[in-house]
Amino acid sequence: MSTGVVGQEEPKHVFSNVAKVGEWKTRKINLWSVMRSFVSQLKLGQDMTKISLPAELCHPYTMLEVMSYRETTLFKLLFGINEVTDPTERFLRVLKWHLSMVRQENFEKKPFNPVLGETHISFVDDDGKNGSVEFISEQVSHHPPVSAFSVKNDKHNLDVWANISFSVKFGGNSATIATSGGASLKIGNLGDELYEMSRCIPNMMVRNVVWGTKYIIWEGDLTMTCKKTGLEAHLVFSEAKKQENRVEGTIKNASTGEILFNLAGVCGSEIFIEPPSGGDKRLLLDVSKEEYDCPKYLPVCMVCRS
């Protein structure tokens, strides 16, 4: 299928608008014509969630669909975790999955804010041995905007539930998207082993909002803990140099404080772990090399009957 972009073809069987490509997604905007409608509202520190953006600055889908794509396409990284007997290796597997959410972002436009009570349901097909991955979300608050979602896979007895809230502040030639709300993963086959994340994703900083080449940087900290195994990870995201988005942190025993691994790498690329004593450095994740699954949707008539 042609995308309208020279040299670029849309992958077959793409159902999610987030994954679609085409001229409509990267079309140049006449900034002067759209800025006149809302620039007068902007002040330093302004909460942009209370400002109506021109439609030209928005994608034709909402944040719920973005979350669906982000949560389901690499959920398979958790498959087989029930067979991992070493609690440290299980913890690293969960951390790998969670870091897969933090991908290299391209600044295009923003999704629409979901309306209160809006829901989004999608799934990834059963591959014949791992069962399907089911996603459901709902916008549970409008001001402040809060979304809640659940992801589950019955075959491996995996359950994820989370809520996420965004606040957006204007800072001259940048915008800060601060996130809040935690996430939890339960592995039912391991005595309901529970992993808790302080946030679904770190904060985002959009550079060069008004002038210059726009790009996005993940910023801030994120913590993941498992009380049953006594392990925890502390991660910090930052811009090490222009447009290089670094993540660094530690994985340690929470009760003793012993650091088991140091973690360092680039968001959306290679992330490594290494014992503090050095040596035995290993690749935890290179999300750019992962093959993404494709979320799908039930026909409207089936949704209505359910």
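About the thresholds
Residues numbered from 1 in each chain as written. Predicted model: local features only at pLDDT ≥ 70, side-chain atom pairs only at ≥ 80, totals over all residues. Heavy atoms only, no water. Helix = DSSP H or I, 4+ residues; strand = E, 2+ residues; numbered from the N terminus. Buried < 20%, exposed > 50% of the residue type's maximum accessible area, 1.4 Å probe, protein only. Contact = heavy atoms within 4.5 Å. Core = buried A, V, L, I, M, F, W, Y, C linked by side-chain atoms within 4.5 Å. Pairing = 2+ DSSP bridges. 1 Å grid on protein atoms, 1.4 Å probe; cavity = no way out; pocket = protein on both sides within 12 Å on 5 of 7 lines; lining within 4 Å. Points joined across faces, edges and corners; volume = space filled by probe spheres on them. Nonpolar A, V, L, I, M, F, W, Y, C, P; charged D, E, K, R; others polar. Phe/Tyr/Trp six-rings, centres within 6.5 Å; stacked < 30°, edge-to-face > 60°. Salt bridge = Lys/Arg side-chain N within 4 Å of Asp/Glu carboxyl O. pLDDT = per-residue confidence, 0-100.

**Concerning the overall build of the protein**
Next up, step 1: A count of helices and strands for the protein gives five helices and 16 strands.
Next up, step 2: When each of the 306 residues of the protein is scored for burial, the buried share is 45%.
Next up, step 3: Contacts in the protein between residues at least 24 apart in sequence constitute 50% of all its contacts with a sequence separation of at least 6.

**As for the nonpolar core**
Next up, step 1: Counting residues in each nonpolar core, the largest one holds 59 residues, and the members touching the most others are Trp 97 and Leu 263.
Next up, step 2: Setting aside residues up to four positions removed in sequence, Trp 97 forms contacts with Glu 71, Leu 74, Phe 75, Leu 77, Leu 78, Val 160, Leu 185 and Met 197.

**A short note on the pairing of strand β13 (residues 244–253)**
Next up, step 1: Pairing geometry for strand β12 (residues 231–241) and β13, over ten bridges, is antiparallel. Note that in β13 the partner of Leu 235 across the bridge is Gly 249.
Next up, step 2: Linking two consecutive strands that pair antiparallel, namely β12 and β13, is a turn of two residues; a positive phi of about 70° is found at Gln 243 within it.
Next up, step 3: Two elements, β13 and strand β14 (residues 259–266), share seven bridges in a ladder whose sense is antiparallel. In the sheet register, Lys 252 faces β14, and the bridge partner there is Ile 259.
Next up, step 4: Where β13 hands over to β14, the hairpin turn is made up of five residues, of which Gly 257 adopts a positive phi near 80°.

**Observations concerning the layout of surface pockets**
Next up, step 1: Computed from the structure, the second largest pocket encloses a volume of approximately 170 Å³.
Next up, step 2: Residues belonging to the lining of the second largest pocket are distributed by class as follows: four nonpolar, three polar and five charged.

**So, unusual backbone geometry**
Next up, step 1: The amide bond that connects His 143 to the next residue, Pro 144, takes the cis arrangement and shows omega of 0°.
Next up, step 2: As for its placement among the helices and strands, Pro 144 is situated in the loop between β4 (133–141) and β5 (146–153).
Next up, step 3: Positive phi is not limited to glycine here, since Asp 280 has a value of about 55°.
Next up, step 4: Tracing the backbone shows Asp 280 in the loop between β15 (270–274) and β16 (282–286).
Next up, step 5: Using a relative accessible area of 61% as the deciding quantity, one classes Asp 280 as exposed.

**A closer look at the packing of aromatic side chains**
Next up, step 1: Applying the stated criterion across every chain yields a total of five aromatic pairs.
Next up, step 2: When the centroid spacing of 6.5 Å and the interplanar angle of 45° are considered together, the rings of Tyr 69 and Tyr 292 count as tilted. With a gap of 223 residues between them, Tyr 69 in helix α3 (residues 63–72) and Tyr 292 in the loop between β16 and α5 (300–305) connect regions that are remote in the sequence.
Next up, step 3: On the accessibility criterion, Tyr 69 (16% relative accessible area) is buried.
Next up, step 4: Summarising the aromatic geometry, the rings of Phe 75 and Phe 79 are spaced 6.4 Å apart at their centres and angled 75° between planes, so their arrangement reads as edge-to-face.

**Some remarks on the environment of Phe 75**
Next up, step 1: Secondary-structure assignment places Phe 75 in the loop between α3 and α4 (87–99).
Next up, step 2: Between the C-alpha atoms of Phe 75 and Val 133, which are 58 residues apart in sequence, the distance is 7.6 Å.
Next up, step 3: Excluding residues within four positions of it along the chain, Phe 75 makes contact with Trp 97, Val 133, Val 151, Asn 153, Leu 158 and Val 160.

**Observations concerning the pattern of salt bridges**
Next up, step 1: Here the structure, examined in full by the defined rule, presents twelve salt bridges.
Next up, step 2: Residue Lys 76 pairs with Asp 293 through a salt bridge whose shortest N-O separation is 3.4 Å. You can see Lys 76 sitting in the loop between α3 and α4 and its partner Asp 293 sitting in the loop between β16 and α5, a full 217 residues away along the chain.
Next up, step 3: You can call Lys 76 partly exposed: its relative accessible area is 27%.
Next up, step 4: Across the pair Glu 248 and Arg 246 runs a salt bridge, and its minimum N-O distance is 3.9 Å.

**Some remarks on empty space enclosed by the protein**
Next up, step 1: According to the stated counting rule, one finds one cavity of 30 Å³ or more in the structure shown.
Next up, step 2: Here the largest cavity defines a volume of roughly 50 Å³.
Next up, step 3: Lining the largest cavity, in full, are Glu 71, Trp 97, His 98, Met 101, Phe 149, Val 160, Ala 183, Met 197 and Cys 200.
Next up, step 4: Residues of the lining of the largest cavity, tallied by class, amount to seven nonpolar, one polar and one charged.

**Things to note about the confidence of the model for the protein**
Next up, step 1: Confidence along the protein averages 84 in pLDDT terms, with 77% of residues attaining 70 or more.
Next up, step 2: The low-confidence segment residues 1–8, where pLDDT is below 50, has 13 contacts with residues more than four positions distant or belonging to other chains.
Next up, step 3: Note that pLDDT drops below 50 for residues 300–306; the model gives that stretch one contact with residues more than four away or on any other chain.

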